[in-house]
Amino acid sequence: MATDRFQAPDYYLLDDLLTDEQKLVRDTVRAWVKKEVSPIIEDYSQRAEFPKQLIGGLAEIGAFGPYIPQEYGGAGLDQISYGLIMQELERCDSGLRSTASVQSSLVMYPIWKYGNEEQKKKYLPKLATGEMIGCFGLTEPDHGSNPGGMVTHFKDAGSHYILNGAKMWITNAPIADIAVVWAKNEQGRIHGLIVERGMEGFTTPETHGKWSLRASATGELVFNNVKVPKENLLPNKSGLGAPLGCLDSARFGIAWGAIGAAMDCYDSSLRYSKERIQFEVPIASFQLTQKKLAEMITEITKAQLLTWRLGVLRNEGRATTAQISMAKRNNVHMALTIAREARQIHGAMGITGEYSLMRHMMNLESVITYEGTHDVHMLITGMDVTGISAFRNDGK
Ligand code: TGC
Ligand code: FAD
């Protein structure tokens, strides 16, 4: 990747809405990304390798558990700060944001919200420093959008549980020390279990051949009669609502993250179109280029406003699942559309790794699918406004 010349667009002076602490958090992450990540990310993505050496830095900038209380090793920040961290990470690469999202919202969050005091003290501080990496196992080969149908299950074997089944498409699986796994008990009730690497019968084969999120490690979780100690069950919430509650937090972070990717594509397009000369003039002087740029900054500004307001609601504990869905769906689609337009503005150069556009575009193809597909979020909004679920054809 060429030198990182990123300058963040702020068309509606939204910085005025941020506190000094929020701006400091954002600027710290932005500076770290420019110095430590931008110079290497393209290479790691091309090689389809997760840059493990960044884990310490991610922990230092507070990307692991930003809103987890300090007594458990988190940064104790508010939700807008969390969002801004995700924005700055995804500005560079969605895979980098994925690593931080999963660690924070899908591993630390359930342990903090549904775990007991011993579990919180045992795992959260190590997850915050990056000494431990976690992953979240909900999706299965035959149950993606419909996680409630999961077949992974555990039995009470007296002193421990016996876990069997498999999870698929799991971010961080190949590098994780622990997995928060969602499985059904003998009564069919969903519970969260903390499964540790090294437990007999637990393996995490890596998924190869991805065209998307190449700098993020993805894999399976396979459980073959794994003995899980009873103290590893998260005791304070069960049912599908438990993993879905974690998704609220992760989807909120993604809504912010997608703005970062869009800002990067816009910023690159604006600069390139002023520098690139065709027909003796900068391509920025053509109306068709200006239309693309004008639409990009309009959509980014709308997404920034939507997401800032969502952050305020979340800080007040008032953001609903459906409001979060709307922002995730809108912002990821917006970012993907902008990445495609930005690629066009860069002509042939847009397909090279010298610019981040193709990498963003391909990454966003995963982001628009994971944490609930684009259409699933549409149906969540539809259900919210009508009161009728359209997820099943049987009307249940
Ligand atoms: P439904 O009947 O609607 O709900 C079941 C129970 O859950 C409750 N509930 C929630 N509770 C807390 N928070 C939420 N957000 C909740 N949403 C629903 C609900 O009240 C009910 O409770 P109860 O007590 O009545 O049982 O469930 P459904 O089976 O009809 O499914 C609804 C649907 C389709 C929206 C849901 O299953 C869904 O969201 N599907 C999408 C699956 C998904 O997003 N998977 C993501 C996997 S993780 C991932 O992708 C990580 S990528 C990370 C990265 O790399 O960044
Ligand atoms: P399906 O559910 O099979 O959907 C296929 C198509 O059918 C989609 O277009 C969908 O919108 C549509 N569809 C499904 N149901 C309906 C309906 N009722 N009405 C209308 N259309 C419908 N999961 C985890 O648990 N943990 C992770 O860490 C994780 N990381 C991931 C990382 C990557 C790179 C990827 C790509 C995925 C990851 N996932 C993870 C899985 C992800 O959450 C699922 O891929 C996603 O929920 C969709 O499930 P699916 O791929 O099985 O698609």
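Residues numbered from 1 in each chain as written. Chains lettered and ligands numbered in written order. Predicted model: local features only at pLDDT ≥ 70, side-chain atom pairs only at ≥ 80, totals over all residues. Heavy atoms only, no water.

A.B. asks: What should I look at first to understand the site of ligand 1 in this one?
C.D. replies: As a structural note, the neighbourhood of ligand 1 is formed by 26 residues, with Ser98, Thr171, Arg251, Thr321 and Gly372 the closest of them. A distance of 3.5 Å separates a nitrogen atom of ligand 1 from a polar backbone atom of Leu244. Contact distances for ligand 1 include 3.0 Å between a nitrogen atom and a side-chain N or O atom of Asp248. Applying the majority rule of atoms within 2 Å of the grid points places ligand 1 in the largest pocket. Examining the composition of the shell around ligand 1, we find that six residues originate from one element, helix H6 (residues 241–275), more than from any other. When the residues that make up the shell around ligand 1 are grouped by side-chain class, the tally is 11 nonpolar, 10 polar and five charged. (Near = heavy atom within 4 Å. Polar contact = N/O pair within 3.5 Å; in protein donor to acceptor, adjacent residues only side chain to side chain. 1 Å grid on protein atoms, 1.4 Å probe; cavity = no way out; pocket = protein on both sides within 12 Å on 5 of 7 lines; lining within 4 Å. Sits in = over half its atoms within 2 Å of the grid points. Helix = DSSP H or I, 4+ residues; strand = E, 2+ residues; numbered from the N terminus. Nonpolar A, V, L, I, M, F, W, Y, C, P; charged D, E, K, R; others polar.)

A.B. asks: Please clarify how the site of ligand 2 should be interpreted in this entry.
C.D. replies: Around ligand 2, the surrounding shell holds 17 residues, and the nearest of these are Phe136, Thr139, Ser145, Trp169 and Thr373. Within the contact set of ligand 2, a nitrogen atom lies 2.9 Å away from a backbone nitrogen or oxygen of Phe136. Taking 970 Å² as the accessible area of ligand 2 by itself, protein coverage stands at 67%. For the shell around ligand 2, the elements supplying multiple residues, two or more each, are strand E3 (160–171) and helix H10 (374–386). Examining the composition of the shell around ligand 2, we find that three residues originate from one element, E3, more than from any other. The residue inventory of the shell around ligand 2, partitioned by class, reads eight nonpolar, seven polar and two charged. The residues that make up the shell around ligand 2 include at least three from each of domain 2 (134–232) and domain 3 (241–386). (Areas by Shrake-Rupley, 256 points an atom, 1.4 Å probe, with all protein chains shown as cover. Domains from an automatic or database assignment.)

A.B. asks: Where do I start with helix H1 (residues 20–47) in this structure?
C.D. replies: Two residues of an α-helix separated by three or four positions point the same way, owing to the 3.6 residues in each turn. Taking 1.5 Å as the rise per residue, H1 with 28 residues should run 40 Å; its terminal C-alpha atoms sit 39 Å apart, in good agreement. At Val37, H1 is bent by approximately 55°, the largest bend along its length, and proline Pro39 sits one to four residues beyond. (Expected span 1.5 Å × (residues − 1). Bend = angle between axes of the 7 residues up to and from the residue.)

A.B. asks: Can you walk me through the environment of Ser145 in this structure?
C.D. replies: With respect to the helices and strands, Ser145 occurs in the loop between strand E1 (134–137) and strand E2 (153–156). Taking the C-alpha atoms as reference, Ser145 lies 6.5 Å from Gly372; in sequence the two are 227 residues apart.

A.B. asks: What am I meant to see in the side chain of His360 here?
C.D. replies: Here His360 is to be found in helix H9 (residues 357–367). For His360, a relative accessible area of 0% corresponds to the buried category. Engagement of the side chain of His360 in a polar contact is seen with the backbone oxygen of Arg91, the distance being 3.2 Å. (Buried < 20%, exposed > 50% of the residue type's maximum accessible area, 1.4 Å probe, protein only.)

A.B. asks: In this structure, what is going on with helix H4 (residues 94–114)? I would like to understand it.
C.D. replies: At Met108, H4 shows its largest bend, some 35°, and a proline, Pro110, comes one to four positions later. Within H4, 20 of the 21 residues are buried, which leaves the element mostly enclosed by the surrounding structure. If you check the start of H4, you find a side-chain oxygen 2.8 Å away from the backbone N of Gly95, and it comes from Asp93.

A.B. asks: Is there a simple way to think about a nonpolar patch on the surface in this case?
C.D. replies: A contiguous nonpolar patch, built from Tyr11, Tyr12, Leu17 and Leu305 and spanning about 430 Å² of accessible area, is present on the exposed surface. Examined against the element boundaries, Tyr12 turns out to sit in the segment before H1. Judged by relative accessible area, Tyr12 falls into the exposed class, the value being 53%. (Patch = residues over 30% accessible without salt bridge, like charges linked within 9 Å, V, L, I, M, F, W, Y side chains within 5 Å. Salt bridge = Lys/Arg side-chain N within 4 Å of Asp/Glu carboxyl O.)

A.B. asks: What is the right way to look at the packing of aromatic side chains in this model?
C.D. replies: One pass over the structure, following the stated rule, counts 14 aromatic pairs. Between Tyr109 and Tyr114, the ring centres sit 6.4 Å apart and the planes meet at 85°, which makes this aromatic pair edge-to-face. Residue classification places Tyr114 among the buried residues on the basis of a relative accessible area of 6%. Among the aromatic residues, those joined into a ring-pair cluster are Tyr67, Tyr82, Tyr109, Trp112, Tyr114, Phe136, Trp182, Phe252 and Trp256. (Phe/Tyr/Trp six-rings, centres within 6.5 Å; stacked < 30°, edge-to-face > 60°.)

A.B. asks: Hey, could you run me through the domain arrangement of the protein chain in this one?
C.D. replies: Put simply, an interface is often sized by how much accessible area is lost when its parts join up. What the domain assignment reports for the protein chain is domain 1 (14–129), domain 2 (134–232) and domain 3 (241–386). For domain 1 versus domain 3, the distance between C-alpha centres works out to 20 Å. With 30 residues of domain 1 in contact, the opposing surface of domain 3 contributes 33 residues. With both sides pooled, the region where domain 1 packs onto domain 3 buries about 2,500 Å², and carbon together with sulfur makes up 60% of that total. Our count for the domain 1 to domain 3 interface comes out at three salt bridges. Across the salt bridge formed by Glu42 and Arg359, the nearest N and O atoms sit 2.9 Å from each other. Our count for the contact surface shared by domain 1 and domain 3 stands at 16 residue pairs in polar contact (both at pLDDT 80 or more). Those elements that place two or more of their residues in the side of domain 1 that touches domain 3 are H1, helix H3 (79–92) and H4. Per-element accounting of the side of domain 1 that touches domain 3 gives the leading share, 11 residues, to H3. (Contact = heavy atoms within 4.5 Å. Buried area = accessible area lost by both parts, 1.4 Å probe.)

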